[in-house]
There are 2 protein chains.
Amino acid sequence: MAYRRSPLMQERLADNRERIVLATRKLIARGGFREASIAAVAQLVGLSTGAIYRYFPSKAELFVEVLTNAVSHECGILNDIIAGDATATERLRAAVESFASRALEGPHLAYAFIAEPIDPEVDAARIVCRRQFGAVFEKVLRAGIKSGEFAPQAADVTAACIVGAFTEALIRPVTSTSTPAEARKLVRAIAEFCVRAAVGGGAPAATGAARSPRKKA
Amino acid sequence: MAYRRSPLMQERLADNRERIVLATRKLIARGGFREASIAAVAQLVGLSTGAIYRYFPSKAELFVEVLTNAVSHECGILNDIIAGDATATERLRAAVESFASRALEGPHLAYAFIAEPIDPEVDAARIVCRRQFGAVFEKVLRAGIKSGEFAPQAADVTAACIVGAFTEALIRPVTSTSTPAEARKLVRAIAEFCVRAAVGGGAPAATGAARSPRKKA
DNA sequence: TATATTTGTGAATCATACTTCACTTCTTCA
DNA sequence: TGAAGAAGTGAAGTATGATTCACAAATATA
C-alpha cells in the first residue's frame, strides 16, 4: 500500500466540507438560491467547481444539508426557549422575537428556507423543515390553550400562520433596508401580533378583562 | 398601401393576447412559474413559441402582466368587501376568508404571486403587489383601531403579517391536498387567527406586561 | 388576382448552470 | 526517492429553456 488518509488530511477534508456548507449558507443569505451557484460557492471557498463534487454528489444535496443544518440549529434554540418555565405567552413572544431577529440578519436565508423553491428534492426537505418549525410553535400553543392562557383554536393552523406571519413581515425589509432601531421595532410588532392571535379573547381575566370574550369558541 | 389591420384582425390579436395571459396564469396556478415555460404557454394557447414574442417582448414582461392583472382583480374584490358597512371585525374576517378560499383553488398561483422568486423584474412587480394587498388590509385595520374595535397596533406590520399568515397556511395544503370540507375549516381557522390578532385581548399591545397565571406544565 | 405587409412557425441560436472527466498536483509510505 | 493513490483543476459536455430569425401563411387593398 502507499496511501491512507492521515488524521491531518482527514481534518483538512472535513474542514473543506464545512467551509463549503458555510459558504453556501452565506451566499444564500446574501441573495437567495439564485446567488448560490456552484461556481460562486467554489470561488468563495477557494476551490474549483469540480472539487465541490468530491464533497457533495449534487447541488441539491448540498442545499439540503445547508437547509437541515440551519433548521435544526434554529429549532434547537427555539426549543430551549419553549422549554422554559415562563408563561406560554412569554415563551411564545420570546420564541418569535428570537427567530425573527435572527432572521432579520439574513432575511434571504430565512426566506429561502421557508419559501423559495428550486428543486423537487430541496422542496421535499423544506416541507420537513416547515413542519419542524410548526411543531415547535404548536407545542407552546397547546400548552397555552390547555392552561387557558390562549383561546381555543386549531393549534396547527395557528402555528403555520405564525410562521407565515413573520416570514412575510420579514420579507418586506429585504427590499427596503431599514435601521437597526426600526428592525427592533418591527420584531416587537411581529411578536405582539403573534401573541395577540394566540391569546385571542380567551385570556383568563387578568389585566385587560375590559373586553368580553369574543364569540367564536 | 396594401395592408391595414382590419377591426376583425384587431380583435383576433387582442383575443390571442388575452388567451396567452390566461394560459400563463393557468399554468402558474397548476405548478408555479416552473411550469410556465414559454413552450408550455405556446402549446396551451395553440401558437408557436415565436408567436408569443409578437405579443410580449419577454417572458418577464408576460409574467408581470399576469401578476398585475390578477392582483388588481383580487384587490378589487377585497376593496368591495372592505368598503362595506359591517363592523371592522366582520369585514376583516370576510376579506381574509374571501382571499384565502379563492387562493385555495389555485394555491400555486397565490404562492407564486406572493413569494416565488424568478427574475428581478418580476420580483419588483411583486413587491408592488404585496404592498397593494397590504394596503387593502391596512385600511380595515385602521378603521377598526380608530373605532376601538381593534387593539392599538402597527397597522402596516399587522397587514403584512396577515398576508403572510394565510400565505403560509395555504402553502401547506399545496403539498398534502385535503378534502373541500377540510379546506373550508382551514379557511375559517385562518380567518379567526387574523381576527384574533387584530382584535387583541383588549390589553393594548404593551410589551412585557405580565399577563397572568403561571400555570406551567 | 397581384402585391405589400403582417402574423405565425419552429428549428437554430444563445445563455446559463450543473456535472463530468482527462489530467495535474499533492500525500502517503515502502 | 519513487510509486500508488487521492485530491484538485477547469475546460468540455449536457441540459434546460429563453430568444431570434429566415421563411411560410395569411390578410388587406388596388
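Residues numbered from 1 in each chain as written. Chains lettered and ligands numbered in written order. Predicted model: local features only at pLDDT ≥ 70, side-chain atom pairs only at ≥ 80, totals over all residues. Heavy atoms only, no water.

1. Things to note about the protein's contact with DNA strand D
Part 1 of the argument: Every one of the 26 residues lining DNA strand D counts as a neighbour, but A:Arg5, A:Ser48, B:Ser6, B:Tyr53 and B:Lys59 are closest to it.
Part 2 of the argument: Sugar and phosphate atoms constitute 67% of the interface atoms of DNA strand D, taking the interface as everything within 4 Å of the protein.
Part 3 of the argument: One of the side-chain N or O atoms of A:Arg54 is found 3.1 Å from a base nitrogen in DNA strand D.
Part 4 of the argument: Among the elements of the structure, helix H1 (7-35) and helix H3 (49-55) of chain A together with helix H3 (49-55) of chain B are those that each provide at least two residues to the surface near DNA strand D.
Part 5 of the argument: Here the surface near DNA strand D gets five residues from one element, more than from any other, and that element is H3(A).
Part 6 of the argument: Tallied by class, the residues present in the surface near DNA strand D amount to twelve nonpolar, nine polar and five charged. (Near = heavy atom within 4 Å. Polar contact = N/O pair within 3.5 Å; in protein donor to acceptor, adjacent residues only side chain to side chain. Helix = DSSP H or I, 4+ residues; strand = E, 2+ residues; numbered from the N terminus. Nonpolar A, V, L, I, M, F, W, Y, C, P; charged D, E, K, R; others polar.)

2. Considering the pattern of salt bridges
All names here are of chain A.
Part 1 of the argument: If you walk through the whole model with that rule in mind, you get ten salt bridges over all chains.
Part 2 of the argument: Close ionic contact of Arg142 with Glu138 constitutes a salt bridge, the shortest N to O distance being 2.6 Å. Pair noted here: Arg142 and Glu138 are both in helix H7 (residues 120-147), with a separation of four residues, about one helical turn.
Part 3 of the argument: Overlapping salt bridges bring together Glu90, Arg93 and Glu192 as one network. (Salt bridge = Lys/Arg side-chain N within 4 Å of Asp/Glu carboxyl O.)

3. Some thoughts on the packing of helix H1 (residues 7-35) of chain B against helix H4 (residues 59-82) of chain B
Residue and element names in this part refer to chain B.
Part 1 of the argument: Close contact between H1 and H4 brings their axes to 10 Å; oriented N to C, the two are set at 85°. With respect to H4, the axis of H1 lies roughly perpendicular. Across the interface between the two elements, Arg17, Ile20, Val21, Thr24, Arg25, Ile28 and Phe33 of H1 pack against Leu62, Phe63, Glu65, Val66, Asn69 and Ala70 of H4. (Axes fitted to C-alpha atoms, helices over the stretch in contact; angles between N-to-C directions. Parallel < 35°, antiparallel > 145°, perpendicular 65-115°, else oblique. Contact = heavy atoms within 4.5 Å.)

4. Quick notes on the confidence of the model for chain A
Note that predicted coordinates carrying low pLDDT should not be read in detail.
Part 1 of the argument: Per-residue confidence for chain A gives a mean pLDDT of 80, with 79% of residues at or over 70.
Part 2 of the argument: In this model, residues 203-217 of chain A is a region of pLDDT below 50 whose contacts with residues beyond four sequence positions or in other chains number 24 contacts. (pLDDT = per-residue confidence, 0-100.)

5. Remarks on the nonpolar core
Part 1 of the argument: Among the nonpolar cores identified, the biggest contains 115 residues, and A:Val96, A:Phe137, A:Ile162, B:Val96, B:Phe137 and B:Ile162 are the most heavily contacted of them.
Part 2 of the argument: Beyond its immediate stretch of four places on either side in the chain, A:Ile162 contacts A:Leu92, A:Val96, A:Phe137, A:Leu141, A:Cys194 and B:Phe193. (Core = buried A, V, L, I, M, F, W, Y, C linked by side-chain atoms within 4.5 Å. Buried < 20%, exposed > 50% of the residue type's maximum accessible area, 1.4 Å probe, protein only.)

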